[in-house]
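# Analysis of the macromolecular model
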Amino acid sequence: MVRMIPAYPREGANASERKVFSALEGIQGHDDWVAIHSLGIGRHASAFQGEADFIVLAPGRGILVIEVKSPAYVEYKGGDWYLDRVPSPHKDPLKQLDGARRSIRHHLREHDLLTGSEPIARLVWFTSIGRHQFENKTPGDLQFFEWELGWGDDLSRAAWLIEKTLDEYNRWYSSVDEVANDPGALTADRADIIADALISDFVAKQTPEERAHERRETELKLLSSQQVVLELIDTNDHVYFEGPAGTGKSYLITQSARRLNREGRKTLVACWNVLMADELQRFVGGLPNVDVADLNSLMLRLVGMPANPPDASHEWYTRVLPERAIAILREKPHLGGYEAICIDEFQDIAGNLLVLELVFALAGTGRPAGTKLVFAGDSRQQIMRRVDEQVNPFAIAKSLIPDLVHVRVRRNCRAVPGLTSAVEATLRQELGYTRHRVAKSVPGGLSTIDIVDGNETGALASALRELLQQHAPEDIVVLSPFAEKRSLVGRLLARAEKTQVERWLRKQLQAEGMPGKIRWRSVFKFKGLDADAVVVTDLGADAREFVGSQGLEWNDLLYVALTRAKYRCVMLGMEPPSGEFVGR
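Described in the following lines is the structure provided in the data block. Remember, predicted model here, so these are calculated numbers, not experimental data. (Residues numbered from 1 in each chain as written. Predicted model: local features only at pLDDT ≥ 70, side-chain atom pairs only at ≥ 80, totals over all residues. Heavy atoms only, no water.)

## Considering the overall build of the protein chain
Basically, it comes down to this: A run of DSSP states H or I qualifies as a helix once it reaches four residues; a run of E qualifies as a strand once it reaches two. Both are numbered from the N-terminal end. Think of it in three bands: with a 1.4 Å probe and only protein chains considered, a residue is buried below 20% of the maximum accessible area for its type, exposed above 50%, and partly exposed in between. Contact definition: two residues touch when any of their heavy atoms are within 4.5 Å. Accessible surface is estimated by sampling points in the Shrake-Rupley manner with a 1.4 Å probe; for residues, cover comes only from the protein chains shown.
Regarding its fold elements, the protein chain presents 19 helices and 22 strands. With 584 residues in all, the protein chain has 52% of them scored as buried. Look at the contacts in the protein chain between residues 6 or more apart in sequence, and 73% of them connect residues 24 or more apart. Of the accessible surface of the protein chain, which amounts to about 26,900 Å², a share of 49% is contributed by carbon and sulfur atoms.

## Thoughts on the packing of helix α14 (residues 456-468) against helix α16 (residues 500-508)
In a pair of packed helices, the angle between the axes and the distance between the axes together describe the arrangement. Filter applied, for reference: Structural elements are reduced to axes, namely lines fitted to C-alpha atoms, with helices fitted over the stretch in contact, and the angle between N-to-C directions of any two is expressed from 0 to 180 degrees. The scheme is simple: roughly parallel for angles under 35 degrees, roughly antiparallel for over 145, roughly perpendicular for 65 to 115, oblique for anything else. Handedness of a helix crossing follows the sense of rotation of the near helix relative to the far helix, less than a right angle counterclockwise being left-handed and clockwise being right-handed.
Where α14 meets α16, the axes come as close as 10 Å, and the angle between the chain directions of the two elements is 50°. What the angle tells us is that α14 and α16 run oblique. The element α14 and its partner α16 pack so that their crossing is left-handed. Taking contact as the criterion, the partners of Thr457, Gly458, Leu460, Ala461, Leu464, Arg465 and Leu468 in α14 are, on α16, Val501, Glu502, Trp504, Leu505 and Gln508.

## Some words on the packing of helix α13 (residues 417-427) against helix α19 (residues 554-562)
Orientation of α13 relative to α19, taken along the N-to-C sense of each, is 165°, at an axis distance of 11 Å. By the angle between their axes, α13 is roughly antiparallel relative to α19. Helix-helix and strand crossings are classified by hand; for α13 and α19 the assignment is right-handed. When α13 is examined against α19, the residues Val423, Thr426 and Leu427 are found in contact with a partner set consisting of Asn555, Leu558, Tyr559 and Leu562.

## Thoughts on the sheet that holds strand β10 (residues 238-242)
Stated formally: Any two strands with at least two DSSP-identified bridges between them are counted as paired.
Spatial strand order, β12-β11-β13-β14-β10-β15: 6 strands in an open sheet with parallel pairing. Strands at the two margins of the open sheet, each flanked by one partner only, are β12 (290-294) and β15 (405-408). Each neighbouring strand pair of the sheet contributes to a mean axis angle of 15°, computed without reference to strand direction. Taken together, the 5 bridges between strand β11 (residues 267-271) and β12 define a ladder with parallel strand orientation. Residue pairing across strands places valine 269 opposite valine 292, the latter belonging to β12. Across the sheet, helix α7 (residues 249-262) is in contact with β10, β11, β12, β13 (340-343) and β14 (372-377); its angle to β14 comes to roughly 165°.

## Regarding the environment of valine 20
The residue valine 20 is located in helix α1 (residues 15-25) in this model. Judged by its relative accessible area of 0%, valine 20 falls in the buried class. Between the C-alpha atoms of valine 20 and tryptophan 125, which are 105 residues apart in sequence, the distance is 8.5 Å. Those residues in contact with valine 20 that sit more than four places away from it in its chain are Phe54, Val68, Trp125, Thr127 and Leu155.

## Re the sheet that holds strand β22 (residues 565-572)
Taken in spatial order, the 5 strands make up an open sheet running β18-β22-β21-β19-β20, and their pairing is parallel. Two strands lie at the open edges of the sheet, namely β18 (445-449) and β20 (519-522), each paired on one side alone. The average angle at which neighbouring strand axes cross in this sheet is 20°, direction not considered. Across 5 bridges, the pairing between strand β21 (residues 531-536) and β22 is parallel.

## A look at the nonpolar core
For clarity, the cut-off: Think of a nonpolar core as a cluster: buried Ala, Val, Leu, Ile, Met, Phe, Trp, Tyr and Cys residues, connected wherever their side-chain atoms sit within 4.5 Å.
By size, the foremost hydrophobic cluster in this structure holds 63 residues, and its most contacted members are Phe241, Val269, Leu419, Val534, Leu562 and Cys569. The leading source of residues in this core is α19, at 7 residues. Discounting residues that sit within four places of it in the chain, leucine 419 has contacts with Gly445, Leu446, Ala565, Lys566, Tyr567, Arg568 and Cys569.

Take a look at the structure:
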């Protein structure tokens with residue numbers, strides 16, 4: 001695919017520019033092409049300043065400068081242009097391109113980045129009209145070639161249009177003795193260098209904090225596209241959102257809570273995972289009508305206990321504590337009394353009918369009827385339950401709530417497509433997305449670092465150093481199938497450091513009494529959360545044996561671990577899959 005700079009249309013891009021951006025982004029088979037959108041030209045050769053809508057660098061062919069227009073009608077007569085319904089209908093779009101082209105050529109020559117023979121062609125792309133709608137009343141005019149014009153018809157064949165324009169340019173100027181023209185002078189390496197030179201001022205000024213802020217803004221825009229399904233909770237009392245990791249289920253839960261809060265309903269937002277509850281608290285905990293809690297802490301409060309017993313067994317969490325909490329609610333129903341209940345990561349509790357009974361007991365009506373219920377879940381993330389005990393979460397919920405509306409969310413709103421494709425290849429199965437809201441050109445992916453001679457800490461340091469070049473330390477998390485005592489990081493921090501590399505790692509990793517900001521968690525605790533960059537450690541035989549001994553499925557745990565990442569994921573010491581995975 002084409003490398004797009006920036007990865008999304010720039011703020012303020014009009015509809016026609018967005019169409020061209022999508023057309024260029026969708027080009028396949030040209031991974032060495034670079035397309036720059038909306039390049040501001042401060043050092044313009046013929047004006048105070050200017051802008052090039054798009055610049056495409058196509059190695060082996062040349063550079064194409066594109067001006068995008070969307071008139072209702074175009075006419076060219078006697079050297080004059082008329083573009084209907086544009087701000088300056090008589091402005092010559094080709095002259096605009098000439099100024100941009102001269103400025104770009106001058107800038108690149110100043111930096112010794114042109115040999116002087118690289119082709120720089122021009123193209124005016126009329127996205128709003130078809131080729132047949134153009135009226136050229138002076139076709140013999142010497143001011144332009146008709147192959148320098150693109151049309152709405154060409155949006156579906158952007159690669160063909162670019163190749164055709166550059167090929168026609170090269171064919172014409174190769175026969176002109178006075179013009180040096182060598183398409184081969186633009187190599188893939190030189191195209192990357194030129195692209196960096198054209199936007200270097202912008203990149204140099206953008207701090208890591210600004211990059212992070214830009215990512216957050218983009219992510220919120222992507223998630224907000226899911227809001228249309230929230231209208232379902234206005235007309236349905238009971239809704240179940242189901243979808244794979246990264247489809248915005250937690251966002252839908254928090255936005256549902258916001259809507260219910262605005263209606264003045266006493267609302268509970270809950271889940272099983274403690275860290276997930278903290279995340280939900282961050283988004284909706286300050287609302288006047290909303291309470292946020294993990295269900296274990298909620299049950300402890302009901303029974304008047306500050307914490308679970310030190311020797312608490314599985315039986316305590318799944319039977320004893322829920323039964324005591326339900327008994328309290330029967331005696332004192334006012335301790336619940338919620339008019340709306342939103343449960344995230346519903347699959348974690350779907351197999352425990354006592355916990356489900358507790359959820360209904362928390363309702364003001366004591367049952368689903370008359371209570372707004374919004375659940376969200378992903379059946380593949382049942383890593384808290386043995387394989388032979390796993391259930392169909394929606395089927396369980398439906399059996400208890402007959403009018404429950406099933407809403408499938410399938411648009412990937414979290415991870416970059418390059419990463420999700422690699423995860424699917426690693427797992428040897430599709431994740432279930434129907435489309436990606438994240439642009440294909442956004443950089444990111446999955447990589448593996450081999451562990452040489454048992455040097456796990458060296459491999460971890462190598463992965464973190466690379467990630468820290470693009471991500472803030474607080475946006476990176478290290479995950480392990482093991483808990484604190486057996487994980488790579490836990491063992492490192494529990495003993496004296498042995499090398500300079502280990503000293504560096506201890507300074508980076510978050511721990512009590514230490515300044516580090518990089519978090520480290522077990523995959524189980526981090527389920528439901530995400531991070532810009534993830535490093536997965538402890539992927540050897542010991543971990544597989546441990547996961548199997550717990551009755552869990554290794555691929556399900558790996559699915560949860562890898563899908564926590566939004567941009568980059570690094571696996572330490574796991575062999576990549578052999579052969580090519582061919583998805584849908």
